[in-house]
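Structural overview
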Amino acid sequence: MTSLRSLRALRWILAALPLVVALVACGRPDTSLADVTRRGYLVVGMDASFPPFESIAAGGDPEGLDVDLARLLAARMGLGVEFRNISFDGLYDALAAGQVDAIISALPYDGLRTQAVRYSAGYFDDGLVVVGTAAGVPPSAEALAGTIAVEMGSEAAALLRQRRDTADGSLSSEVTVKQVLSELDAITAVESGAADLGVTTRLSACLAVAAGSPVAIGPALSRAPYVAAVRADEPALAEAVQSAMTDVLGSAEWSASRQRWLGEACR
Amino acid sequence: MSPSPSGPEPRPARRYPRRRLFRAAALGTAVAVLGTQPRPLVALGPQQQVATCNPKLGVHTRLTDEVEEWKVKRTLEMVREMGARWVVEYFPWAYCEPRRGVLDWSHADTVIAHAARQGLTVVARLGFVPDWALPADACSSYLTDDAVPAFAAFCERFARRYAGVVGHVVVWNEPNLAQEWGFRPPSPEGYAALLAAAYPAIKAGSGDTTVLAGALAPMPAPLDDPLAMDDLTYLERLYAAGATPHFDALAAHAYGWVYAAADEPDAAVVSFRRTELLRRLMVEHGDGAKPCFVTEGGWNDHPRWTRAVSAAERVTQSLLAYDLAWRQWDWCESVALWAFRFPWPQRSYQDYFSFVSPDFAARPIYAAVQEYAQDCVLGQESGARSQEL
């Protein structure tokens, strides 16, 4: 009788063990936000070699859209901001090693990293867009026609080639793809009438328009959102950054910053 | 319970002869199937030939860590279909001899057999010290003086095993970098000693094999840099150390970084034609009869790497480089650009050197090279800028 009772007790203990372990693990306090708040400033990693998102100004300080974004986010969180200039391929390692609290560096969303990283909402979509004359821009990306200029070897060239070869009707056989030596050349081809349309990244289109090109930016062919990244094991900080991001993206300051760095068409 | 005295009727013998016959046949079939050598899942396929207008066109494949044979085969098929005749591939000593005296050629056999079947010419790079030949806490590029004979013996075995199939062997890689020299200061004299041991060993394994001195990292490093030695200085000192009789050809790495393929060579920058400076040194040392092989090189189109160029420039300069080497470098046997395909994403700028993605999607440069290899006519690429890009 006694041994039967012991056996039952042991069974209960074994059954409860995973729950206890899980509770202990989950109960580990996330001090990330408190640590940053106590410190008083957010440490942001960026590769300051990508204007107009981030570069080093003549005085030696970083400047650009991402720099403005980091300052706006930090201000919403009641913090200052310190920038660490790190080569692009080293940014995730710096985040994992705790050298920075967040990455804000025209960083494309990468779905394969979401086990280690929490991303914010996208704040700029640098996917491919159609450019054309104001009257010639098609209403949708499915309605491409005529001669389309793309940079040779680019994602745009690969995408159009893929759509052409797929033969599912996603690209009319009457479309001619004209390969040029740069995205700027693709836009120039549209301006000069050498091409009916161009396909470039949104950033190139924005900068061309900001520099005075008469082309209009049309529908998107792909998405490539830039996001801020925080460690996945620091959920409190990640939520604070996301909350601040939501607030910033709807603000007049953010709109003004976009206008400053990307031009009126992409504010 | 006792058996019934009446009991069941005895079952007539041979009541189900067909069932027994069927069982016997099934057993026999199973024995036959299990007893025979299984057919390979990936057939080598028919003998192929590379169709190309540029006989020097090549790529550095990256099959070292490719596990699945069908991917090895598909990679090499795509190399052939692109019009490249040469492949450079790395065969780590540690993989082929994981324990002292225990040899495992399975992966090397697979790669070399498929390459040969695709009609490709393999340049084999050897290196990577196994644990058993390393001192404690040393990295795989640390070859002690004591381990040199064992490495030379491996080179000899490799040359012998693949005699007549692999005609070119590169001894080590970028020894002018500390990271490739066991994180010790680079030593041309030490490397000359390595060549002196490896060269006769390879020749003993296969007298026809061409022995290439390891490619140097193109590197205008300052004299006091502990992590790297200027490649031109290094080659000068290699000759001074008496290495001349111990290599038949020189491997070279010809990266373009942000410079055009046609840019004049300059000792202060890394550019494609820096290779000509190495060549000049060879000639000055009376070694002009030996050829060069470009075993790595090319341009990168990472959107953020500061040594990268745009996608269009990468295509342009790569084609110009292939063409320039073919038409103007009569001392250069082949140009293998880095890197055809990685087994998995590198998640870094390295991915933007590739021609084909890990899942075999051809990047635009692949199609451009394939088109060029049909008639060697350069299109709009010939109008590319020749200044810094």
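Cut-offs used in this document
- Residues numbered from 1 in each chain as written.
- Chains lettered and ligands numbered in written order.
- Predicted model: local features only at pLDDT ≥ 70, side-chain atom pairs only at ≥ 80, totals over all residues.
- Heavy atoms only, no water.
- Helix = DSSP H or I, 4+ residues; strand = E, 2+ residues; numbered from the N terminus.
- Rg over C-alpha atoms; globule rule 2.2 N^0.38 Å.
- Buried < 20%, exposed > 50% of the residue type's maximum accessible area, 1.4 Å probe, protein only.
- Contact = heavy atoms within 4.5 Å.
- Areas by Shrake-Rupley, 256 points an atom, 1.4 Å probe, with all protein chains shown as cover.
- Lys, Arg positive; Asp, Glu negative; His and termini not counted.
- Charge placed at Lys NZ, Arg CZ, Asp CG, Glu CD.
- Salt bridge = Lys/Arg side-chain N within 4 Å of Asp/Glu carboxyl O.
- Patch = residues over 30% accessible without salt bridge, like charges linked within 9 Å, V, L, I, M, F, W, Y side chains within 5 Å.
- Pairing = 2+ DSSP bridges.
- Axes fitted to C-alpha atoms, helices over the stretch in contact; angles between N-to-C directions.
- Core = buried A, V, L, I, M, F, W, Y, C linked by side-chain atoms within 4.5 Å.
- Expected span 1.5 Å × (residues − 1).
- Buried area = accessible area lost by both parts, 1.4 Å probe.
- Nonpolar A, V, L, I, M, F, W, Y, C, P; charged D, E, K, R; others polar.
- Polar contact = N/O pair within 3.5 Å; in protein donor to acceptor, adjacent residues only side chain to side chain.
- Phe/Tyr/Trp six-rings, centres within 6.5 Å; stacked < 30°, edge-to-face > 60°.
- Lys NZ or Arg CZ within 6 Å of the ring centre and 35° of its normal.

**Quick look at the overall build of chain B**
Helices and strands together make up the secondary structure of chain B, namely 10 helices and eight strands. Relative to the 2.2 N^0.38 estimate, which gives 21 Å for 389 residues, the radius of gyration of chain B is 27 Å and therefore markedly larger than a compact globule would have. Summarising its shape, the C-alpha atoms of chain B cover approximately 110 × 55 × 40 Å along the three principal directions. Sorting the 389 residues of chain B into buried and exposed places 54% on the buried side. A sequence separation of at least 24 residues applies to 76% of the contacts in chain B between residues at least 6 apart. Accessible surface, chain B as shown: approximately 17,800 Å² in total, 54% of it carbon and sulfur. Taking the average location of the 38 positive side-chain charges in chain B and that of its 44 negative ones, the two points are 15 Å from each other.

**Details of the pattern of salt bridges**
All names here are of chain A. Per the counting criterion, the structure on display carries 33 salt bridges over all chains. Between Glu253 and Arg76 there is a salt bridge; the shortest N-O distance is 2.9 Å. On the criterion of sequence distance, the pair formed by Glu253 in helix H9 (residues 252-262) and Arg76 in helix H3 (residues 65-76) is long-range, its members being 177 residues apart. Classification of Arg76 by relative accessible area gives partly exposed; the value is 29%.

**Remarks on a nonpolar patch on the surface**
Residue and element names in this part refer to chain A. A cluster of nonpolar residues, Leu7, Leu10, Leu14 and Leu17, forms a patch on the protein surface that exposes about 380 Å² of accessible area. With respect to the helices and strands, Leu10 occurs in helix H1 (residues 2-26). In this structure Leu10 comes out as partly exposed when scored by relative accessible area, which is 45%.

**Quick look at the sheet that holds strand E13 (residues 216-220) of chain A**
Residue and element names in this part refer to chain A. Strands sit in the order E11-E10-E12-E9-E13 across an open sheet of five strands; the sheet is mixed. The sheet terminates laterally at strand E11 (176-180) and E13, the two strands that pair on one side only. For this sheet, the mean angle separating the axes of adjacent strands, direction not counted, is 35 degrees. Bridge analysis of strand E9 (residues 128-132) against strand E12 (residues 197-201) gives five bridges, and the strand direction is antiparallel. The partner of Val131 across the bridge, within E12, is Gly198. In this fold helix H7 (residues 202-210) packs onto E9, E12 and E13, with an angle of close to 110 degrees to the strand it touches most, E12.

**Focus: the sheet that holds strand E2 (residues 49-50) of chain A**
Backbone hydrogen bonds hold the strands of a sheet together, and the pairing may be parallel or antiparallel. The antiparallel open sheet is built from three strands, whose spatial order is E2-E3-E4 (chain A). The open sheet has two edge strands with one neighbour each: E2 and strand E4 (62-63) of chain A.

**A few points about the nonpolar core**
Of all hydrophobic cores here, the largest spans 99 residues; its most connected members are Phe151, Phe158, Val171, Tyr191 and Phe355 of chain B. The greatest single-element share of this core, amounting to eight residues, is contributed by helix H9 (residues 311-328) of chain B.

**A short note on H3 of chain A**
Residues and elements named next belong to chain A. For H3, which comprises 12 residues, the first-to-last C-alpha distance of 17 Å matches the rise-based estimate of 16 Å (1.5 Å per residue) to within 8%. Within H3, nine of the 12 residues are buried, which leaves the element mostly enclosed by the surrounding structure. Within H3, the full set of buried residues consists of Leu65, Asp66, Val67, Asp68, Leu69, Ala70, Leu72, Leu73 and Ala74. At the exit of H3 stands Gly78, carrying a positive phi of roughly 75 degrees.

**Considerations on the interface of chain A and chain B**
Counting residues at the interface gives 20 residues for chain A and 16 residues for chain B. Of the roughly 1,500 Å² buried at the junction of chain A and chain B (both faces included), carbon and sulfur atoms supply 52%. Area buried by chain A at its contact with chain B is led by Asp89, Met152 and Leu181 of chain A, which between them contribute 38% of it. Notably, a salt bridge pairs Asp110 of chain A with Arg347 of chain B, separated by 2.5 Å at the nearest N-O pair. Within the residue set of the side of chain A that touches chain B, elements represented by two or more residues are E2, strand E6 (102-108), helix H5 (155-166) and E11 of chain A. When its residues are assigned to classes, the side of chain A that touches chain B shows eight nonpolar, five polar and seven charged.

**With respect to the environment of Thr209 of chain B**
Residue and element names in this part refer to chain B. Of note, Thr209 is situated in the loop between helix H6 (188-205) and strand E5 (210-216). Thr209 sits 45 residues away from Gly164 along the chain, and the two C-alpha atoms are 8.1 Å apart. Setting aside anything within four residues of it in sequence, one finds Thr209 in contact with Ala159, Val166, Gly167, His168, Val169, Ile202, Lys203 and Asp248. Only 2.9 Å separates the side chain of Thr209 from the side chain of Ser206, close enough to count as a polar contact.

**Some thoughts on the packing of aromatic side chains**
Residue and element names in this part refer to chain B. This model, assessed by the stated rule, comprises 35 aromatic pairs over all chains. Taking the centre distance of 5.4 Å and the plane angle of 90 degrees together, the rings of Phe151 and Trp172 count as edge-to-face. Of the two residues, Phe151 sits in helix H5 (residues 148-161) while Trp172 sits in the loop between strand E4 (168-171) and H6, which places them 21 residues apart along the sequence. Each of the two residues, Phe151 as well as Trp172, counts as buried. Measuring from centroid to centroid gives 6.4 Å for Trp181 and Tyr191, while their planes differ by 80 degrees, and the two rings are edge-to-face. With a gap of 10 residues between them, Trp181 in the loop between E4 and H6 and Tyr191 in helix H6 connect regions that are remote in the sequence. For Trp181, a relative accessible area of 6% puts it in the buried group. Through a chain of ring-to-ring contacts, three or more aromatic side chains come together here, namely Phe91, Trp93, Trp105, Trp132, Phe151, Phe154, Phe158, Tyr162, Trp172, Trp181 and Tyr191. Between the NZ or CZ atom of Arg125 and the centre of the ring of Tyr90, over which it lies, the distance is 3.9 Å. The cationic tip of Lys290 hangs over the ring face of Phe247; the distance from NZ or CZ to the ring centre is 3.7 Å.

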